[in-house]
Amino acid sequence: MQKFDPIPEYVEIAPAARVVTAEHGWKAKCLQRLVRLELPVPKSVALPADTVRAIAAGHPVDSAGILAAFGPEPLVSVRASPAEPEWGGPATILNVGLNANRHRLLTETHGREAADALCVRFIQKYAIHVARLDPDMFEDIEPGKGALGEVLKLYEAETDEPFPQDPARQLSDVLRSVARAWEGTSARLLRAAKGAPADAGLGLVVQEMTQGLGQGVSGSGVIQFVDSVTGTRRVTGRYLGQSQGRDALTAQEAMYLTRDPRGPSLEELAPDLFAELLRHGAACRIGLREEMQIEFTVEDGRLSVLDAVKVQRSARAGLKIAVALAEDGVIDKKDAVLRVEPRALSELLHHQVDPRAPRDVIARGMAASPGAATGKLVFTAEEAQAHAARGEDCILVRRETAPEDIRGMHSAVGVLTERGGMTSHAAVIARGLGLPCVVGASDLRLDAREKKITASDGRVFRAGDVVTIDGSKGQALAGAAVMLPPALDEAFRMLLSWADEFRDIGVRANADTPADAATARKFDAQGIGLCRTEHMFFDEDRLIVMREMIFADSPGDRAAALARLLPMQRADFVQLFEIMHGLPVCIRLFDPPLHEFLPSSREGMRELAEALDRPLSEVTRRVEALREVNPMLGMRGVRLGVVLPEIYDMQAQAIFEATLESARRGAPVVPEVMIPLVSARREVELVKTRIDAVAAMVRTRAKADFDFKLGVMVETPRAALRAGEIAQHAAFLSFGTNDLTQMTYGLSRDDAGRFMNTYVQQGVFPEDPFHILDVDGVGELLLMGAGRGRETRSDLTLSICGEHGGNPESIAFCRRAGFDYVSCSPYRVPMARLAAAHLALNDHVDS
């Protein structure tokens, strides 16, 4: 058997001692900081990770030397101290060193009952975690007289040796057991899931025991000074007399800390001791620059601080704490901004299910759009509109959504789909609307004909039943859940105003309606980077006119139908410009294939024939004629503008007349007109010629001048490759990464969800390219397009406006590529603003 020399490396935690987080762990470093703050911390010794690894490998440790630091007859605890608290670690072992002699001394000072209880607890813990005995063997032991003898007999019977009496051996065995537990397969997998590297080490802290037992005020407890859910200043925690460790958090007989009508409190029992805890909390907040939870014990009225950890907090609490610390001068604004994760902001913008409330989960899927909503189940867009008209909240349930469901989504307060992924139609539209959405809930069965869903446990929910959608967790819940309101308070606005001071890239919003624009302004977007005008035509009064235009037999008839849409479009743009009040507005001309505005069902075509006063056979023929094998690569975008130029003429006239009207109302604007789906320079030349002619006509009629910018939405690989020549006629290029990703990969965004998980799991793609920008492939096209465009025009404005625009990863790419701004859905604007600030601040630190 191989023999090793004892390991001498450990350090007593003192103000000037060398204690390093990377070696000794966060707990050891935190305890040193508490010591420096002169808090009453029991004597502690730290073992670095290398020492713990050696112990796990079989090296003996100088346990006697460690125990000598604690004086004669020591009792100690062993606590895990990884480099990051989130990584967890083995359970704390209390009362190491407890033997027959120490039991006798405790009996004299604390009484026989307390001494026996401590011994029983320690022996059980030692037997389970060190000797690896079955926990079930102790289940039948009743606490009280005789329990100690029974536990000792059981231990000896199972191990064939008496319970060890040598404190040094006990400590050696405990250290070895804890060290090996950290190296076990399950522990490795658990901490890897929390972000720990494969070679993450564990430090250990050996700390003098303070009993929490005694004749006077004695016990243990936990105290914190902010609410973990809301972040407001409030003393919370529990205290349990005659106890150790964190028993107070689970014991029903534990008392409150502050005065409370529900029961006794530590503040009433020992006001001086409570005041001392408050002082220690204030010292930790300033000295550690953080809100801390303090674990403490009291022995005969003497307070000891055993540990302090960062308060667990929700996203809303984290933001409020960071802002409060900065406003109090504890940290600076840069630190406050960096302490709040950009993606955490999405939880603050919407109602959330209260994490403290019970949950009755009936389905699980993907968390496609954050927030929570409660409403009655509906199964069609028409039912959703009917409920909205009556002022009733509803949840729209579909197998998967299609463009004709948009009005229903506008009317619902939440969406649940059986199929789909993070980039499905339902997910993308819901994020744009700020609508809670769960997609891919494959564990429920949808029966659209019977209008019911069946949960995996067999429960059936029908139209009109109340459910809750939690788009942040990807769950559907039975009934009405307890909600927290959005947290768009002064702290939220303050943090984002600080973020704006540091970021160096613009953030605009994609906004298709006045409501979207108002949301964009509320979140301080710097303009509209994408207004998709086709969404304006789905309202009932416009849809019939749009259909008349589609069925027109000549350019003149088309122009007549479009003339009826002109004042509606103009009013839309006037309202949009007024809301944005001088901020830039980029309007994409009509993009989708015309068939999206026509019914697909026989019943819908019959209704359309009646509305247009045309034979059903003619309507059916026209619908069939417009149907395409691959409509997303067919007659859409600029191709419509070239083949049916009257559509773009009408839209340009509406934009320019709205520009003049907005200027008359005191909100001058320079509109940005964007041509979609371009792949050739000649397309831009043809459209530009007609738009310039419309602009000249509007100027002449109004006898007034205005400016506008014409640009291109780069959505095809060819447009990116030929950006140099396209830029000759464009003031800006906006990369539409949704379609550009589809065309680069040859993937349908709506269908890729069926195999995308398999592709990601097997390493074909590192991430879903529709969710996280593919910087290697699509990104190279962006770089080529941006570089070639600016070679032609140095003042060319560059941006992205796809679904990727709000992702921190995409923003990082755009900053490196020299883009001017990103544009994302209104509800992602706060996240984008904060992410941009993080990137700028981290770049400054790295440089």
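What counts and how
Residues numbered from 1 in each chain as written. Predicted model: local features only at pLDDT ≥ 70, side-chain atom pairs only at ≥ 80, totals over all residues. Heavy atoms only, no water. Helix = DSSP H or I, 4+ residues; strand = E, 2+ residues; numbered from the N terminus. Buried < 20%, exposed > 50% of the residue type's maximum accessible area, 1.4 Å probe, protein only. Contact = heavy atoms within 4.5 Å. Areas by Shrake-Rupley, 256 points an atom, 1.4 Å probe, with all protein chains shown as cover. Core = buried A, V, L, I, M, F, W, Y, C linked by side-chain atoms within 4.5 Å. Phe/Tyr/Trp six-rings, centres within 6.5 Å; stacked < 30°, edge-to-face > 60°. Lys NZ or Arg CZ within 6 Å of the ring centre and 35° of its normal. Axes fitted to C-alpha atoms, helices over the stretch in contact; angles between N-to-C directions. Left-handed = near helix turned anticlockwise from the far one by under 90°. Nonpolar A, V, L, I, M, F, W, Y, C, P; charged D, E, K, R; others polar. 1 Å grid on protein atoms, 1.4 Å probe; cavity = no way out; pocket = protein on both sides within 12 Å on 5 of 7 lines; lining within 4 Å. Points joined across faces, edges and corners; volume = space filled by probe spheres on them. Parallel < 35°, antiparallel > 145°, perpendicular 65-115°, else oblique. Pairing = 2+ DSSP bridges.

(A) Representation of the overall build of the protein chain in the model. Counting secondary structure elements, the protein chain contains 32 helices and 31 strands. Among the 847 residues that make up the protein chain, the fraction classed as buried is 55%. Within the protein chain, contacts between residues separated by at least 24 positions form 68% of all contacts whose residues are at least 6 apart in sequence. With the model as given, the accessible surface of the protein chain reaches about 36000 Å², and the carbon-plus-sulfur share is 50%.

(B) Structural detail: the nonpolar core. Within the largest apolar cluster, 125 residues are counted, with the highest numbers of intra-cluster contacts made by Phe656 and Leu733. In this view, Phe656 contacts Val673, Ile691, Val694, Ala695, Val698, Phe706 and Phe708; residues no more than four positions away in its chain are not counted. Of all hydrophobic cores here, the second largest spans 52 residues; its members include Val45, Ala80, Trp87 and Cys119.

(C) Representation of unusual backbone geometry. The phi dihedral of Lys451 is positive, around 55°, even though this residue is not glycine. Within the secondary structure, Lys451 is located in the loop between strand 18 (445-447) and strand 19 (452-454). Located in the positive-phi region is Asp613, a residue other than glycine, with phi close to 55°. Summarising the element assignment, Asp613 is placed in the loop between helix 21 (602-612) and helix 22 (616-626).

(D) Main features of the packing of aromatic side chains. Scanning the entire structure with this criterion turns up 16 aromatic pairs. Residues Phe735 and Phe819 carry aromatic rings whose centres are separated by 5.6 Å and whose planes lie at 35° to one another, so their mutual orientation is tilted. Of this pair, Phe735 sits in strand 29 (residues 732-735) while Phe819 sits in the loop between helix 31 (808-817) and strand 31 (821-824), and the two are 84 residues apart along the sequence. According to the relative accessible area criterion, Phe735 is buried, its value standing at 0%. Look at Phe819 and you get buried, because its relative accessible area is 6%. Connected via pairs of aromatic rings, a cluster forms that spans Phe122, Tyr126, Tyr155 and Phe163. Across from the ring centre of Tyr256, 4.7 Å away, lies the NZ or CZ of Arg238, which sits over that ring.

(E) Layout of the packing of helix 20 (residues 555-580) against helix 24 (residues 645-664). Viewed as axis vectors pointing N to C, helix 20 and helix 24 meet at an angle of 35°, and their least axial separation amounts to 7 Å. You can see that helix 20 and helix 24 cross each other, and the crossing is right-handed. Touching Pro555, Arg558, Leu562, Leu565, Leu566, Gln569, Arg570, Phe573, Val574, Phe577 and Glu578 of helix 20 are Glu646, Ile647, Met650, Gln651, Gln653, Ala654, Ile655, Glu657, Ala658, Thr659, Glu661 and Ser662, all from helix 24. Taken together, the residues of the contact of helix 20 with helix 24 sort by class into 12 nonpolar, five polar and six charged.

(F) The arrangement of the environment of Thr423 in detail. Its location among the elements puts Thr423 in the loop between strand 16 (414-417) and helix 16 (425-433). With a relative accessible area of 4%, Thr423 lands in the buried category. C-alpha of Thr423 to C-alpha of Gly287: the two residues are 136 residues apart in sequence and 46 Å apart in space. Once residues within four sequence positions are removed from consideration, Thr423 is found in contact with Val428, Arg431, Arg749, Asp750, Asp768, Phe770 and His771.

(G) Examining the layout of surface pockets more closely. By volume, the second largest pocket amounts to about 1300 Å³. Lining the second largest pocket are 42 residues, and of these Trp26, Pro85, Val309, Lys310 and Gln312 sit closest to its centre. Its residues placed into classes, the lining of the second largest pocket shows 18 nonpolar, nine polar and 15 charged.

(H) Just the packing of helix 3 (residues 49-56) against helix 8 (residues 167-183), in detail. Relative to each other, helix 3 and helix 8 sit at 95°, their axes nearing to 8 Å. Put simply, helix 3 runs roughly perpendicular to helix 8. Along its contact with helix 3, which presents Val52, Arg53, Ile55 and Ala56, the element helix 8 presents Leu175, Arg176, Ala179, Arg180 and Glu183.

(I) Main features of the sheet that holds strand 25 (residues 528-532). Pairing within the closed barrel is parallel, and its eight strands lie in the order 24-25-26-27-28-29-30-31. The mean inter-strand angle of the sheet, taken between neighbouring strand axes irrespective of direction, is 25°. Where strand 27 (residues 672-675) meets strand 28 (residues 709-714), four bridges bridge the pair, whose relative direction is parallel. Residue pairing for strand 28: Glu672 is matched across the bridge by Lys709.

(J) Expanded view of helix 3. Most of helix 3 sits inside the fold, with six of its eight residues counted as buried. Taken together, the buried positions of helix 3 are Ala49, Thr51, Val52, Ala54, Ile55 and Ala56. Lining the buried residues of helix 3 we find helix 1 (21-24), strand 2 (44-47), helix 8 and strand 5 (202-208). Gly58 occupies a position one or two residues after helix 3 and carries a positive phi of about 115°.

(K) Summary view of the pairing of strand 5. Most of strand 5 is tucked away: six of the seven residues are buried. Inspection of the sheet shows strand 2 paired to strand 5 by four bridges, in the antiparallel sense. Each residue of the ladder has a partner; that of Ala46, found in strand 5, is Val205. The sheet contact formed by strand 3 (residues 76-82) and strand 5 spans seven bridges and is antiparallel. Residue pairing for strand 5: Arg79 is matched across the bridge by Val205.

(L) Inspection of the sheet that holds strand 6 (residues 219-226) at higher detail. As summarised here, the arrangement of the five strands in space is 8-7-6-9-10, forming an open sheet in which the pairing is antiparallel. The strands lining the two open edges of the sheet, one partner per strand, are strand 8 (255-256) and strand 10 (302-310). Two strands pair when backbone bridges link them, and strand 6 and strand 7 (residues 233-241) are joined in this way by seven bridges, in the antiparallel orientation. Its bridge partner being in strand 7, Ser220 is matched across the sheet by Leu240. Set on the sheet, helix 11 (residues 271-287) makes contact with strand 6, strand 7, strand 9 (292-299) and strand 10; between it and strand 9 the angle comes to about 145°.

Worth remembering: the numbers are spatial, not functional.
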